[in-house]
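Below, each chain spelled out in residue letters.
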Amino acid sequence: MKEQDQIDQEYRVEAAEIARPGIEPLIPILPWPPRLRVSGLYAASRIVTPPIPAPGPLPIQPVPLAQPMPGIAPTAAGPWQIEELLPWGFLREELRLDVDGRYPQMMASGTLYGVLAKRVHWIARLTASGPNAWTGSIWFKDGDVASFPYTMVEITTTATFLSSQRKAVVRFSGGGTSVRTRTLAFKSPYFRQVEFEFDCATGVTATTHIGTHDHPNRPATLPGETLSIEEVYRRVGFDVRKSGSDSIVPIGDAGTNARWSDNEMHDAMQVYWSRFAGKAQWSLWVFFARLHEQGTSLGGIMFDDIGPNHRQGTAIFNESFISTAPSGDANPVAWAQRMRFWTACHEMGHAFNLAHSWQKQHPPDWGTPWIPLANEPEARSFMNYPYNVSGGQTAFFSDFAYRFSDNELVFMRHAPERFVQMGNADWFDHHGFEQASASPEPALKLNLRVDRAQATYQFLEPVVLELKLTNIGSRPLVLEKELLSMTDHMTVIVKKRDKPARQYLPFARYCHDMQAQVVMPGEFVTDSLFISVGRNGWDIAEPGYYTIQIALHMETEDIVSEALTIRVAPPRGYDEEFLAQDFFSDDVGRILNFDGSAILRRGNDTLREVSDRFGDRAVANHARVALAAPLARDYKVLDMGDRMGEMASAKEAGGRLRRAAPRIEEARQLYTSALLEKKDQAIATLGRTDYEYYLGRFRESLMEHGAVLKKEPRDVKRDAKREKNGDIEHTMRVIKEALSSLKDLEPVSR
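Parameters at a glance
Residues numbered from 1 in each chain as written. Predicted model: local features only at pLDDT ≥ 70, side-chain atom pairs only at ≥ 80, totals over all residues. Heavy atoms only, no water. Helix = DSSP H or I, 4+ residues; strand = E, 2+ residues; numbered from the N terminus. Buried < 20%, exposed > 50% of the residue type's maximum accessible area, 1.4 Å probe, protein only. Contact = heavy atoms within 4.5 Å. Axes fitted to C-alpha atoms, helices over the stretch in contact; angles between N-to-C directions. Parallel < 35°, antiparallel > 145°, perpendicular 65-115°, else oblique. Left-handed = near helix turned anticlockwise from the far one by under 90°. Nonpolar A, V, L, I, M, F, W, Y, C, P; charged D, E, K, R; others polar. pLDDT = per-residue confidence, 0-100. Pairing = 2+ DSSP bridges. Salt bridge = Lys/Arg side-chain N within 4 Å of Asp/Glu carboxyl O. Phe/Tyr/Trp six-rings, centres within 6.5 Å; stacked < 30°, edge-to-face > 60°. Lys NZ or Arg CZ within 6 Å of the ring centre and 35° of its normal.

Trainee: Describe the overall build of the protein chain, and please don't skip the residues or the numbers.
Mentor: Helix and strand counts for the protein chain stand at 16 helices and 34 strands. The buried share of the protein chain, reckoned over its 750 residues, is 50%. Excluding contacts between residues fewer than 6 apart, the proportion of contacts in the protein chain whose partners are at least 24 apart in sequence is 68%.

Shown next, in the form of structure tokens:
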């Protein structure tokens, strides 16, 4: 009767939800005639005995019939028959019927398991065909679909107050095969079972429930109740249980830095989550903390993308922007509680593998969606951002009923288990609920570009992006001059198709003198980003498609670029494949990133081999400028004498800094080959910004080591203006004149 009480309560809530707005029923509305809910999980299992081969010429023995498992009724159509779908072994069959109760989707799905790894999953859309009867076409199959040819399903249920006597008769037909009928016993009013654990950092309170009427901005028909996170997911269709191990994560010995990185949270999850295991399981860790290291702009995150089992851990940051109510809000305390509750449910939704409401049609290179779905940018769903909808968060919460959209319910209730279960299928992206500074009319636009007609790169060729930040507003803006070169203000995501997304981590961060510049409407600033390799190693190396996107974190808003897709071509032959083993190394990555090294000898040897053997390829331009830079000037080298390479302090080893003399002629040849001989190829692969930079360094080196330019005063002034405007042709003429002036000089040992 407890179950029936729950059903009656749900019907009261449903009745309140369908009442006319603004009219509260004085007497609870009960459904009439009384209904017995039949949605839920049905199951059957049995053992099928394989036929025993009979030696001839004896008469063929009758095939033994399997017996039903205790407690499971025979089918209405007759006794169990020899299973054709999964020929023998232990069989288990499930049916999820979704035709009544909370948010019915008029769907049914089923899974058939066999002990020999045979599995097939199906989903059908239903229409009522009679009392407690439904029929529909099967529109989705997954697994061993060849063994399941059926295209139609008919389902008839037996409704009774005694759950032990409820059953569903399922009849499959179509597909050019004989009809298959099975009877399954009622197991649960829920479709699946899941377990939550809520842990908090020291001094932080978990927001796991909310009063739905606490804030005045709400739907007029929203029932007033104390709603818990567990109840939100029970209404989705999960039998939610708690691990019973909610605890405090002590941070008293962690120093004064109370902000959390993703790695730190992953470590904490391994230590404090009572269910942590290296396997997929229906269990989720929810962590409440103060702040992420990104600061107040990150309200929550599904942080778990380390290791093979993703989507097991989420975190909510209580002191981020989700606790700052808009100025003049009617109840700021309730507003903050609601946002924390909403954020927790949102991030937990990602752990169930849900996309954002506007990302359901994500780009193909982010992975294949389970079924084609339409974006829902205006959905009043936990998976939408409140400030993204028309009218902003006020409009969102005035229509928000604390639920997921119908498409999301179909996914969580009926998609194959591996798509939904935590720690199973990877999610296409790293999810974080960040305050995107919600400017409906941003003043800046960030573009990612490459200096070529098509964003296709040769194998081994490093990738350099051109960043362009444009003032698209109507007023002048004051920006920091080095804004685009300060990568600590950026989040750069690189995702290879069908692989997890990676955050690009630069080798070094730079502290620039903050100088302002005025950018007028329509004007822009540019810079470059060498993105192939960083502290993660080589993020772009293998052939295939990559998607790159950058968020530039400004003081008052985030500027998010459009995604840029590039393609890396396969190797041209065995030689490139062989050399790749040495090229995609940490040494070569650092040399290319820092434009040269005098001490990373193995990496320099690899780059010389690239220059010698693949001189016609774009990668040779990168190799030559990196080799030329340390040769073109004096270079300070740490000399450790005979103890070079030992793990010893320089002082103990008698180390000293010594000067490495420049090798000017060699540097000139490398620069000339890299920058002048194939100008268009050099610009395309180095990027226009870096190409101008390298030209400038080449010119300075020539002047420093003897080149003399014959110019009239007016030419000097005009040249300075051209150089300021980035006139590449002019700079190349200057370099060629400088080279010519050096031809008359005697060779000098430098």
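Trainee: Could you give me a rundown of helix α13 (residues 679-686), with the residues and numbers involved?
Mentor: Within the sequence span of α13, burial applies to Ala682, Ile683, Ala684, Thr685 and Leu686. A positive phi of about 85° marks Gly687, the residue just after α13.

Trainee: Give a detailed account of the packing of helix α12 (residues 664-676) against helix α14 (residues 688-704), specifying residues and quantitative values.
Mentor: The relative placement of two packed helices is expressed as an angle between their axes plus a distance between the axes. One can describe the packing of α12 onto α14 by two numbers: an axis separation of 11 Å at closest approach and a directional angle of 150°. The angle between the axes of α12 and α14 places the two elements in the roughly antiparallel class. Along this stretch, α12 crosses α14, giving a crossing that reads as left-handed. Of α14, the residues touching α12 (which contributes Arg668, Tyr671, Thr672, Leu675 and Leu676) are Tyr691, Tyr694, Leu695, Arg697, Phe698 and Leu702. Taken together, the residues of the contact of α12 with α14 sort by class into eight nonpolar, one polar and two charged.

Trainee: Give me the lowdown on the confidence of the model for the protein chain, citing residues and values where you can.
Mentor: On average, residues of the protein chain carry a pLDDT of 81, and 79% of them reach 70 or more. Across residues 13-32, where pLDDT falls below 50, the model places 22 contacts with residues more than four positions away in sequence or in other chains. Scored below 50 in pLDDT, residues 52-88 makes 53 contacts in the model with residues more than four places away or belonging to other chains.

Trainee: Summarise the packing of helix α2 (residues 229-236) against helix α4 (residues 332-351); cite the residues concerned and give the values.
Mentor: At a closest axis distance of 10 Å, the pairing of α2 and α4 adopts a crossing angle of 45°. Classified by the angle their axes make, α2 and α4 are oblique. Here α2 and α4 pass one another in a crossing that is right-handed. Judged by residue contacts, Ile229, Val232 and Tyr233 of α2 engage Phe341, Ala344, Cys345, Met348 and Gly349 from α4. Residues of the contact of α2 with α4, tallied by class, amount to seven nonpolar, one polar and no charged.

Trainee: Can you lay out the pairing of strand β33 (residues 635-639) for me, pointing to particular residues and giving the numbers?
Mentor: The alternating pattern of β33 places Tyr635, Val637 and Asp639 on a buried face and Lys636 and Leu638 on a face that is not buried. Taken together, the five bridges between β33 and strand β34 (residues 656-660) define a ladder with antiparallel strand orientation. Across the sheet, Val637 pairs through a bridge with Arg658, a residue of β34.

Trainee: So, the pattern of salt bridges: which residues are in play, and what are the values?
Mentor: Evaluated as defined, the whole model comprises 27 salt bridges. Measuring nitrogen to oxygen at the nearest pair gives 2.9 Å for the salt bridge that ties Arg275 to Glu195. Of this pair, Arg275 sits in the loop between α3 (262-272) and β15 (283-289) while Glu195 sits in strand β9 (residues 192-201), placing them 80 residues apart in sequence. Note that Lys242 is salt-bridged to Asp246, the shortest N-O span being 2.7 Å. Residues participating in the shared-partner salt-bridge network are Glu225, Glu231, Arg234 and Arg235.

Trainee: Can you lay out the packing of aromatic side chains for me, pointing to particular residues and giving the numbers?
Mentor: Tallying each qualifying case throughout the model produces 34 aromatic pairs. When the centroid spacing of 6.5 Å and the interplanar angle of 85° are considered together, the rings of Phe196 and Phe352 count as edge-to-face. Of this pair, Phe196 sits in strand β9 while Phe352 sits in the loop between α4 and α5 (392-398), and the two are 156 residues apart along the sequence. Judged by relative accessible area, which is 0%, Phe352 ranks as buried. Considering the side-chain rings of Phe396 and Phe397, the 5.1 Å spacing of their centres and the 90° angle between planes classify their relative orientation as edge-to-face. No difference in accessibility class separates Phe396 from Phe397, as the two residues are buried. Positioned over the ring face of Tyr103 is Arg102, at 5.5 Å from the centre of the ring. Above the plane of the ring of Tyr545 lies Arg497, whose end atom (NZ or CZ) is 4.4 Å from the centre.

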